[in-house]
Amino acid sequence: MLAGRTRAGGVLAGVAGSLVRAADARLPSLWAARLLSTEAEEATPVGSKESRPGPKADDEEVGDSVSFGFSSVDRSEHKGLVKDVFEKVAPKYDAMNDFMSFFLHRHWKDRFVGTLHPFAGQKHLDVAGGTGDVGFRVLREIRRAEEALAVRRNAEVESAGEVCICDINGAMLEEGKKKVAGLDIRDAERGLSWVESDAESLPFDDESFDTYTISFGIRNVSDIDACLSEARRVLKRGGHFCCLEFSQVNNEVLRQVYDLYSMNVIPYIGQAYAGDAHSYQYLVESIRKFPDQEHFKEIIEANGFRGVRYENLLDGVVAIHSGFKL
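Conventions used here
- Position numbers for residues count from 1 along each chain, tracking the sequence in the order it is written.
- Totals for whole chains, interfaces and linings use all residues, but because this is a predicted model, local features are given only for residues with pLDDT of at least 70 and pairs of side-chain atoms are given and counted only at 80 or more.
- To obtain the side-chain values, all non-hydrogen atoms of the structure were used and water was disregarded.
- What counts as a helix is a DSSP run of H or I of at least four residues, what counts as a strand is a run of E of at least two, and both are numbered from the N terminus.
- By this rule, a helix spans an expected 1.5 Å times one less than how many residues it contains.
- Residues enter a nonpolar core if they are buried and are Ala, Val, Leu, Ile, Met, Phe, Trp, Tyr or Cys, with the set joined through side-chain atoms within 4.5 Å.
- Residue exposure (1.4 Å probe, protein chains only): buried if accessible area is under 20% of the type maximum, exposed if over 50%, otherwise partly exposed.
- Only heavy atoms matter for contacts: two residues are in contact if any of them lie within 4.5 Å across the pair.
- The charged-residue count follows a simple rule in which Lys and Arg add positive charge and Asp and Glu add negative charge, with His and chain termini not counted at all.
- Throughout this description, the term salt bridge denotes a Lys or Arg side-chain nitrogen within 4 Å of a carboxyl oxygen of Asp or Glu.
- Within 3.5 Å is the distance limit for a polar contact, defined as a pair of N or O atoms, with the added protein rule that one can donate a hydrogen and the other accept it, and that residues adjacent in sequence qualify only through two side-chain atoms.
- Between N-to-C directions, angles span 0 to 180 degrees; the directions come from axes that are lines fitted to C-alpha atoms, helices contributing only their stretch in contact.
- Here roughly perpendicular refers to angles of 65 to 115 degrees, roughly parallel to angles under 35, roughly antiparallel to angles over 145, and oblique to all remaining angles.
- Left-handed describes a crossing whose near helix is turned anticlockwise from the far helix by less than a right angle; the clockwise case is right-handed.
- Ten residues, namely Ala, Val, Leu, Ile, Met, Phe, Trp, Tyr, Cys and Pro, are considered nonpolar, four, namely Asp, Glu, Lys and Arg, are considered charged, and the remaining ones, Gly among them, are considered polar.
- Each residue carries a pLDDT value, the predictor's own confidence for that position, ranging from 0 to 100.
- Being paired, for any two strands, means DSSP has found at least two bridges between them.
- Note on aromatic pairs: the rings of Phe, Tyr and Trp (six-membered ring only in Trp) are paired at centre separations within 6.5 Å, and the planes decide the class, stacked below 30 degrees, edge-to-face beyond 60, tilted for the rest.
- Put simply, a charge is over a ring when the Lys NZ or the Arg CZ is close to the ring centre, within 6 Å, and near the line of the ring normal, within 35 degrees.

Draft legend 1. Expanded view of helix 7 (residues 133-153). For helix 7, with 21 residues, the first-to-last C-alpha span of 31 Å sits near the 30 Å given by 1.5 Å per residue. One or two positions beyond helix 7, positive phi appears at Asn154, with a value near 60 degrees.

Draft legend 2. Layout of the nonpolar core. Grouped together as the largest cluster of nonpolar side chains are 30 residues, with contacts concentrated most on Trp108, Leu192, Phe246, Val317 and Val318. Among the secondary structure elements, those contributing two or more residues to this core are helix 6 (104-116), helix 7, strand 4 (162-167), strand 7 (235-246), helix 11 (252-274) and strand 9 (318-324). A per-element tally of this core places helix 7 first, with five residues. Leaving out residues up to four positions away in the same chain, Val317 has contacts with Trp108, Phe246, Ser247, Val249, Leu254 and Tyr258. The next biggest cluster of nonpolar side chains, apart from the first, holds 27 residues, and it includes Cys164, Ile218, Ala231 and Ile300.

Draft legend 3. How the structure looks around the side chain of Asp167. Tracing the chain through its elements places Asp167 in strand 4. Although Asp167 is buried, it forms no salt bridge, and the closest oppositely charged side chain is Lys83 at an N-O distance of 8.4 Å. Within the local environment of Asp167, its side chain forms a polar contact with the backbone nitrogen of Asn169, the two atoms lying 2.8 Å apart. Apart from the residues lying within four places of it in its own chain, the contact partners of Asp167 are Ala128, Gly129, Gly130, Met172, Leu173, Val195, Glu196 and Ser197.

Draft legend 4. Seen up close, the packing of helix 10 (residues 224-234) against helix 13 (residues 293-302). Between helix 10 and helix 13, whose axes approach to 9 Å, the crossing angle comes to 55 degrees. Classed by the angle they form, the pair helix 10 and helix 13 counts as oblique. Along this stretch, helix 10 crosses helix 13, giving a crossing that reads as right-handed. Each of Ile224, Asp225 and Leu228 in helix 10 lies in contact with helix 13, whose residues at this interface are Phe296, Ile299 and Ile300. For the contact of helix 10 with helix 13, a count of residues per class yields five nonpolar, no polar and one charged.

Draft legend 5. Quick look at the confidence of the model for the protein chain. Confidence along the protein chain averages 83 in pLDDT terms, with 81% of residues attaining 70 or more. The low-confidence segment residues 1-54 (pLDDT under 50) makes 60 contacts with residues lying over four places distant or belonging to another chain.

Draft legend 6. Quick peek at the pairing of strand 9. The buried fraction of strand 9 is high, at six of seven residues. Pairing geometry for strand 7 and strand 9, over seven bridges, is antiparallel. Bridge pairing in strand 9 links Phe246 to Val318. Both strand 8 (residues 306-313) and strand 9 contribute to a ladder of six bridges, which runs antiparallel. Note that in strand 9 the partner of Asn312 across the bridge is Ala319. Linking two consecutive strands that pair antiparallel, namely strand 8 and strand 9, is a turn of four residues; a positive phi of about 50 degrees is found at Leu314 within it.

Draft legend 7. Inspection of the packing of aromatic side chains at higher detail. Counted by the stated rule, this structure contains 11 aromatic pairs. Summarising the aromatic geometry, the rings of Phe204 and Phe209 are spaced 5.1 Å apart at their centres and angled 85 degrees between planes, so their arrangement reads as edge-to-face. Members of the aromatic cluster, each reached through a chain of ring pairs, are Trp108, Phe216 and Phe246. Just above the ring of Tyr273 sits the side chain of Lys92; from NZ or CZ to the centre is 4.8 Å.

Draft legend 8. Just the sheet that holds strand 8, in detail. Spatial ordering of the open sheet is given by 5-4-3-6-7-9-8, a layout of seven strands whose pairing is mixed. This sheet does not close on itself; its edge strands, each paired only once, are strand 5 (192-196) and strand 8. When the angles between neighbouring strand axes are averaged without regard to direction, this sheet yields 15 degrees. Against the sheet, helix 13 touches strand 7, strand 8 and strand 9, its axis set at about 155 degrees to strand 8.

Draft legend 9. Region of the structure containing the environment of Ser71. Relative to the assigned elements, Ser71 resides in strand 2 (residues 71-74). Given the relative accessible area of 35%, Ser71 is considered partly exposed.

Draft legend 10. The side chain of His78, seen in detail. Among the structural elements, His78 can be located in helix 4 (residues 75-89). For His78, a relative accessible area of 1% puts it in the buried group. In contact with His78, other than residues within four places in its own chain, are Val66, Ser67, Phe68, Val73, Asn220, Val221 and Ser222.

Draft legend 11. Quick look at the environment of Arg288. Mapping Arg288 onto the fold places it in helix 12 (residues 277-289). Sequence separation between Arg288 and Ser247 is 41 residues; the distance between their C-alpha atoms is 8.2 Å. Within the structure, Arg288 has its side chain in polar contact with the backbone oxygen of Val284 (distance 3.2 Å).

Printed below as a string of C-alpha cells:
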C-alpha cells in the first residue's frame, strides 16, 4: 500500500511540476500577489493545534461572518456567493474535474460508493449532487444488487431502489439531467429524482432515506453543523452517512507539491479552459479552510453520528468519512 501511495504521489508530483513550469511564465501577477498576501495565514497548517476548530464547526466563525475562501463574509451573503461560483463553473464542471485531478476523481468516487455498500431497494439521498456523478454510481450499484437478488430468488424485486440528487444550484442539476439518457442503468429515469434545495434545510420528512452522501460539497455550506443535523434528521435509524471531501495531506513532500499545484496552477487552468480564474481560486482556498480529518470526525460525532471513521485516499488529498444514525 505504501509503495502504491508513493508511486501515486510521484505521478502527481511529476505532472504538477510540469504544469507549474509551463504556467510559470504566463501566470498573471495577480496570483503571485495573492499568494504573498496569504503567506501569513497559511503559516499555521490547517491540522495544527493552533488552527483547529472545536468539536462544533461554528466555533471558528466570528459572529455572523463565515469563511468564503480566505475571505470572511456575512453569513447572509455566503450562499449567494457560493451559488454564483457553481453557476459559472457548471457548463465545464465535469471536464474540469477530469483535467484538474488527472481523472483521479473518478477512482475516488468509485471507492466512495463502495464504502456506502448499496443494496436492493435502497432509498438514497445525494446532497450537493451537482451533475450526478455520485448519484449515478449509487443507482448503478443498487440495480446490480437488485438483479443479483432477483436471480437468487428467481423473482423480481418488489420495491426498486431510488436515488434523489439534491443541490442548491439549479444550473448544476440541469447539467446532470442532460446525461441521464446516455446512462447504462436500467430504469435510470424512473430511479432518479432531482431536487433544488439547500443542504442546511432539506425539504424531506424525517427518516426518509436509508443512506446519505455528500461529495466535495460540505466545505461550501454556510453552516456545517446545520448540514450534518439535517443529514441525521432525514436518515432512517441505522442509516449510513458518507462524505467525500478534500482534506489534509499527510505526506510533507506531496503536500508541498499539491499546495503549489492547487494554488498556482488550478486558477490558471480555470482561466485558460473555462474563462474563470476567480471561481477556481475560491475552490482551492475553501479546501485550505476546511477542518482536517480528525477534526471533521469530531464534528460529525458532535452532531449525533456513531461509529464514525475515515479513510485517506492519496495520502489525505481527499478523505472519506462515514458514520451511522443509531
